[in-house]
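One-letter residues, chain by chain:
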Amino acid sequence: MKLRHYTIFLSIIVALVLQVTPMPPLADQLRPDWVLLVLGYWTLALPNRVNVGVAFLVGLVLDILLGTAIGIHSFAMCVCIFVLAANYQRLRNYSVWQQAVVIGILAALYHLLVFWLQHLLTDVNFLFTYLWPVFTSMLIWPWLFLLLRKVRRQFRIS
Amino acid sequence: MNTMFTRGPSLPHRTVLALCLSILLILVDHRLDGFAAVKVYLNSLVSPIQYLASLPGQMLSASANRLVSHQQLVAENARLTLQAARMQEKLQRFELLKSENDRLRTLLGSPVRPDAQIMVAELMAVDNNPFSHQIVIDKGAIHGVYESQSVLDDKGIVGQIMEVGTTTSRVLLIADITHAIPLRIARNNVRLVASGSGQLDELFVEHVPHSADIQVGDELVSSGLGNVFPEGYPAAKITSIVRDESRPFAQVRARPMAQLDRLKYLLLLWPSDAPVQPVFDGQGES
């Protein structure tokens, strides 16, 4: 089937759409890092297909979509995906909730990196509300993990 | 498994390469502004994702439109008719004043102010980037939108066009922390610069001497200096003044006239000396 070959691509597109969909301000603050989660899953599952290179490209698209200086999100994304790709064998053996904690720490690192880079370029101030997505990402990881594993097994992606 | 895995540079090498490339791109984009020319294409490239992302909201508002009750429509119609009548009356006076003003200006030998052209644009997306306030609108290069064009709503100045795509463009709001706008007080023509605070309902008015004639409630209009915003459009209202003599300047805050957190329809402005002319699609909305 043709869809098989595009599943990873399509899941990343869906994640990008979810990342930029307009939301009410409250839900906006709590929006999980869909792109990071989906890329993270594929990196853990198939590190030979998705790793730093894909993360770099998706980060660039995210930069254009969000209107940040080109390179900021790709930098943060690359660092996080590198950590996952370098440790995928260990992380795969963790339980889903342990993985969620690791993903939460990475999401915090991601947001801090984006903030630091932005801070270097413009004088933005740090508010703790910027870190709310860390918790929602952590909570949503197990469900996303199960969903994407189901998808991966269904379409036998390798 | 896959033999591809061992090909190419190793993971750490790849990462270092990607990170160096990212830093290079940041520097080129931010410090040198090297992507200004290709940004149109980059924005057009990702606009399908933006259209997809704005789809749920559009569907919601479309279904909300269908479910409006008859009563609500009648009430709205009555309100709008009343508003139109009031506007019409104001417009008649405005026409009179305008012709009188033009006559006086010709008498004084100063140039007559030409009309600006206007196009209505709709909000497509609001960025969820917490560090900057930008919105995306549904008009782009094919409609004649150009960079640094001013964007208004029915109350006042909203911002300026930052990047243009083929069918969409990105607006930097006046409340963004990197934005500043030259203004004057409508009451006495004192010139000021208001910069964004990063919060949608506040602007900082910078470098105001303690002795400046400025009061809470003063209306600020664009001064036309800097050649970005045309002269005379309302922009903000002074909300607080702290005159602390131990500081070099008074601390003045203002609130934007436009309701930046509930934008829906926006006006794009083409002054007579605009580099591009607007392209209207079909309807006579000028």
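Computed from a predicted model, the values in this text were never measured in an experiment.

Cut-off values and rules
Residues numbered from 1 in each chain as written. Chains lettered and ligands numbered in written order. Predicted model: local features only at pLDDT ≥ 70, side-chain atom pairs only at ≥ 80, totals over all residues. Axes fitted to C-alpha atoms, helices over the stretch in contact; angles between N-to-C directions. Helix = DSSP H or I, 4+ residues; strand = E, 2+ residues; numbered from the N terminus. Parallel < 35°, antiparallel > 145°, perpendicular 65-115°, else oblique. Contact = placed C-beta atoms within 7 Å. Nonpolar A, V, L, I, M, F, W, Y, C, P; charged D, E, K, R; others polar. Core = buried A, V, L, I, M, F, W, Y, C linked by C-beta atoms within 7 Å. Buried ≥ 20, exposed ≤ 12 C-beta atoms within 10 Å, placed from the backbone. Domains from an automatic or database assignment. Left-handed = near helix turned anticlockwise from the far one by under 90°. Expected span 1.5 Å × (residues − 1). Pairing = 2+ DSSP bridges. UniProt positions renumbered as here; feature names shortened; annotations may be inferred. pLDDT = per-residue confidence, 0-100.

A.B. asks: Teacher, can you tell me more about the packing of helix α4 (residues 52-66) of chain A against helix α2 (residues 39-66) of chain B here?
C.D. replies: The relative placement of two packed helices comes down to the angle between their axes together with the axis-to-axis distance. With their axes 9 Å apart at the nearest point, α4 of chain A and α2 of chain B run at an angle of 85° to one another. One element, α4 of chain A, and the other, α2 of chain B, form an angle in the roughly perpendicular class. In this structure, α4 of chain A uses V61, I64 and L65 of chain A to contact α2 of chain B, whose residues at the interface are L42, N43, V46, I49 and Q50 of chain B. Taken together, the residues that form the contact of α4 of chain A with α2 of chain B break down as 6 nonpolar, 2 polar and no charged.

A.B. asks: What is the right way to read the nonpolar core from this model?
C.D. replies: Counting residues in each nonpolar core, the largest one holds 101 residues, and the members touching the most others are L16, L39 and I81 of chain A together with V158 and L220 of chain B. Looking at which element gives the most residues to this core, the answer is helix α5 (residues 72-86) of chain A, with 10 residues. Taken domain by domain, the makeup of this core includes at least three residues from each of domain 1 (72-174 + 262-270) and domain 2 (180-256) of chain B. The residues contacting L16 of chain A, other than those within four sequence positions of it, are V35, V61, L62 and L65 of chain A together with I49 of chain B.

A.B. asks: Before we go on, may I ask you to explain the packing of helix α3 (residues 34-45) of chain A against α5 of chain A in this structure?
C.D. replies: Residue and element names in this part refer to chain A. Taken N-terminus to C-terminus, the directions of α3 and α5 make an angle of 30°; their axes are 9 Å apart at the nearest point. With respect to α5, the axis of α3 lies roughly parallel. For the pair α3 and α5, the crossing hand works out as right-handed. Side by side, α3 and α5 meet where L36, L39, G40, T43 and L44 of the first sit next to M77, C80, I81, L84 and A85 of the second. For the contact of α3 with α5, the per-class residue count stands at 8 nonpolar, 2 polar and no charged.

A.B. asks: Is there a simple way to think about α4 of chain A in this case?
C.D. replies: Each full turn of the α-helix corresponds to 3.6 residues, which orients residues three or four apart in the same direction. Over its 15 residues, α4 of chain A extends 20 Å from the first C-alpha to the last, a length consistent with the 21 Å expected when each residue adds 1.5 Å. Of all the 15 residues making up α4 of chain A, 11 are buried; the element is thus mostly covered by neighbouring parts of the structure. When α4 of chain A is considered as a whole, its buried residues turn out to be V52, A55, F56, V58, G59, L60, V61, L62, D63, I64 and L65 of chain A. Taken together, the buried residues of α4 of chain A touch α1 (3-20), α3 and α5 of chain A together with α1 (11-31) and α2 of chain B.

A.B. asks: Is there a simple way to explain the sheet that holds strand β11 (residues 250-256) of chain B in this structure?
C.D. replies: Strands in a sheet are paired, the pairing made by backbone hydrogen bonds, and the direction either parallel or antiparallel. Residues and elements named next belong to chain B. With antiparallel pairing, 6 strands are arranged side by side around a closed barrel as β6-β7-β8-β11-β10-β9. Across the sheet, the mean angle from the axis of one strand to that of its neighbour is 40°, orientation sign disregarded. Pairing between strand β9 (residues 219-222) and strand β10 (residues 234-242): 3 bridges, direction antiparallel. From the neighbouring strand, E219 faces β10, where its bridge partner is K237.

A.B. asks: Could you clarify how one ought to interpret the UniProt feature "transmembrane region" (unreviewed entry) in chain A in this entry?
C.D. replies: All names here are of chain A. Mapped onto the present numbering, the UniProt feature "transmembrane region" (unreviewed entry) falls on residues 51-84, 96-118 and 130-148. Secondary structure over residues 51-84 splits into 82% helix and 0% strand, and the C-alpha atoms at its two ends are 9 Å apart. Between the C-alpha atoms that bound residues 130-148 there is a distance of 27 Å. The span itself is 89% helix and 0% strand.

A.B. asks: I keep staring at the pairing of strand β6 (residues 180-185) of chain B and nothing clicks. Help me out?
C.D. replies: Remark: a regular strand shows side chains that alternate across the two faces of the sheet. All names here are of chain B. In terms of strand pairing, β6 meets strand β7 (residues 191-196) through 5 bridges, oriented antiparallel. Of the residues in β7, the one forming a bridge with R184 is R191. Hairpin geometry of β6 and β7 is characterised by an intervening segment of 5 residues between the two adjacent antiparallel strands and by a positive phi of about 65° at N189.

A.B. asks: Which parts of the structure should I look at to understand the interface of chain A and chain B?
C.D. replies: A common way to express how large an interface is: the accessible area buried when the components associate. Every contact between the two is made by 37 residues of chain A and, on the other side, 38 residues of chain B. Elements supplying a minimum of two residues to the side of chain A that touches chain B: α1, α4, α5 and α7 (96-121) of chain A.

A.B. asks: Would you take a moment to explain the confidence of the model for chain B for this structure?
C.D. replies: Residues shown with low pLDDT carry predicted positions that ought not to be read at fine detail. Per-chain confidence: chain B averages 86 in pLDDT, with 95% of residues scoring 70 or above. In the predicted assembly, ipTM is 0.83 and pTM is 0.76.

A.B. asks: So what exactly am I meant to see when it comes to the environment of A64 of chain B here?
C.D. replies: Residue and element names in this part refer to chain B. The topology assignment puts A64 in helix α2. In this structure A64 comes out as exposed when scored by C-beta crowding, with 9 C-beta atoms within 10 Å. For A64 and S240, which are 176 residues apart along the polypeptide, the C-alpha to C-alpha distance reads 39 Å.

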